[in-house]
Amino acid sequence: MIRVFFSILIFVNTLFAIEDIAIKVLKDLDIDSSFVNEKSLDKTYEEYSSSKNITYYNNLIKKSSLNVQIVKTEIEKENLPESFFFIPLLESSFVNQTKGKNSPAGLWQIMPQTAKNLKLRNDEFVDERLDLIKSTDAASLYLKKYYKKFNKWYLALLAYNSGEGRVIYGVAKASLDRYLELNPHMQNDANIKIYKSYIEQYKKNKKGLNNLYIIYNKIGKQEKAYDFAYLVRNNKNKDYLAESSISYIQKIIAFTIISKKDLFKSINNKAKYKLEKVKAPKGLQLKSLANIVEMNYNEFKILNKHIKKEALPIDSKLYNIYIPEEKLELYNKKIVNINSNKQNKKVVETKNNNLSKKPIIYEVKKGDSLELIAKKFKVNLAKLKRDNKKSSNLIKIGEKIEIYK
């Protein structure tokens, strides 16, 4: 009898512990704690906390320990809710890749237009959606932008998943529906009629986004307005949001609870190395960079998937690449020689180019100056001085000046 009593006691305490964890997760996402009792959340948690699913997701996390640690570090640095760590798990299984020109890419599965809005470079040379750190920071910026608009993290998360328009339409409509449920006598109020027209207008032609924010700010932020539970319970009949988006939020909640119970052991696995961001000279071959840090080329490419070509872009003096932290000293030591060799090569090429061309010989006349001669022949003054081995602007009448164009 005593053994049975203690078994029941342990079971009850475990249930309360899980509930406490769940309430904390919901609070971090600005979801009312009452949502902990939602059947759909229980069902989602039960599904993903099965030993089969825990093993499956643990293995996904384990396979991508470097990407996992980068996301974990950046999420903490940006002071985002812990739950947001699981966005890349759902979006890409923490695999940094793209499937095509117009497809989403990277850990965060960012679309081309979104990348443009986030000022991530995406052209024939570079796709910064595949830049492990830059893309994570951009996704963080995106989420913070919508938190500022909605003042609720779960709505920022929904906007990330299904787009701003769908979310503001859904919450504006839900806000108005809930308000009229509580205040049926306001059905014919002039402002309410205007709000209804805003919703209809957006539904028909997807215009008037700002009008939907008026509804949300006036009604949706009131104390007795809709909440996430209201969206979930009424979504099938009212179509506030895509069902997949509702499911998306609940999966992230479930994953976070599972993680807080320390069941995703792989999350804390140490990566093979930490990444260090360094600047490399334009146009440098990736194989040369791999050789500099004494790395296998394919492994080096995995760290720098954002570089599409076999060499760095030539449209900027320096470009960011990633190397293991322990290779930093080696890189700094060797890159100096690379820069020096490139500079010497440039000087030699300039001299050879000058030697291969016959110069124009100009005889200095009264009133001439090096500056006037440079302008007359449309050459750079510094180059004119260099070609004629002059350390000053002094010239003499009758002096022969060589002009290389």
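Notes on the structure in this doc start here. (Residues numbered from 1 in each chain as written. Predicted model: local features only at pLDDT ≥ 70, side-chain atom pairs only at ≥ 80, totals over all residues. Heavy atoms only, no water.)

Here the focus is the overall build of the protein. When helices and strands are tallied, the protein shows 18 helices and 4 strands. On C-alpha atoms alone, the protein measures out to a radius of gyration of 31 Å, which is more than a quarter above the 22 Å that the 2.2 N^0.38 rule sets for 405 residues. Seen through its C-alpha atoms, the protein measures out along the principal axes to roughly 110 × 65 × 35 Å. In the protein, buried positions account for 42% of the 405 residues. Within the protein, counting contacts between residues at least 6 apart in sequence, those at least 24 apart form 65% of the total. In the form shown here, the protein has an accessible surface area of approximately 23,500 Å², with 52% of it arising from carbon and sulfur atoms. Computed over 75 positive and 45 negative side-chain charges, the inter-centroid distance for the protein is 7 Å. (Helix = DSSP H or I, 4+ residues; strand = E, 2+ residues; numbered from the N terminus. Rg over C-alpha atoms; globule rule 2.2 N^0.38 Å. Buried < 20%, exposed > 50% of the residue type's maximum accessible area, 1.4 Å probe, protein only. Contact = heavy atoms within 4.5 Å. Areas by Shrake-Rupley, 256 points an atom, 1.4 Å probe, with all protein chains shown as cover. Lys, Arg positive; Asp, Glu negative; His and termini not counted. Charge placed at Lys NZ, Arg CZ, Asp CG, Glu CD.)

A few words on the packing of helix α8 (residues 153-162) against helix α9 (residues 164-182). Direction vectors running N to C along α8 and α9 enclose 135°, while the axes themselves pass 7 Å from each other. Between α8 and α9, the angle falls in the class oblique. Of the residues in α9, those touching α8 at Leu155, Leu158, Ala159 and Ser162 are Glu164, Arg166, Val167 and Val171. (Axes fitted to C-alpha atoms, helices over the stretch in contact; angles between N-to-C directions. Parallel < 35°, antiparallel > 145°, perpendicular 65-115°, else oblique.)

It is worth spelling out the pairing of strand β4 (residues 400-403) at this point. Residues Ile401 and Ile403 point to one face of β4 and are all buried, whereas Lys400 and Glu402, pointing to the other face, are not buried. Where strand β3 (residues 360-363) lies against β4, 4 bridges are found, and the strand directions are antiparallel. The partner of Glu363 across the bridge, within β4, is Lys400. (Pairing = 2+ DSSP bridges.)

Our next topic: unusual backbone geometry. Of note in the backbone geometry, Lys206 takes a positive phi value of approximately 55° without being a glycine. Positionally, Lys206 belongs in the loop between α10 (190-205) and α11 (209-220). Residue Asp262 is not a glycine yet carries a positive backbone phi of 65°. Turning to its location among the elements, Asp262 is positioned in the loop between α13 (243-260) and β1 (275-281).

These results come straight from atomic positions and should not be treated as a statement about function.
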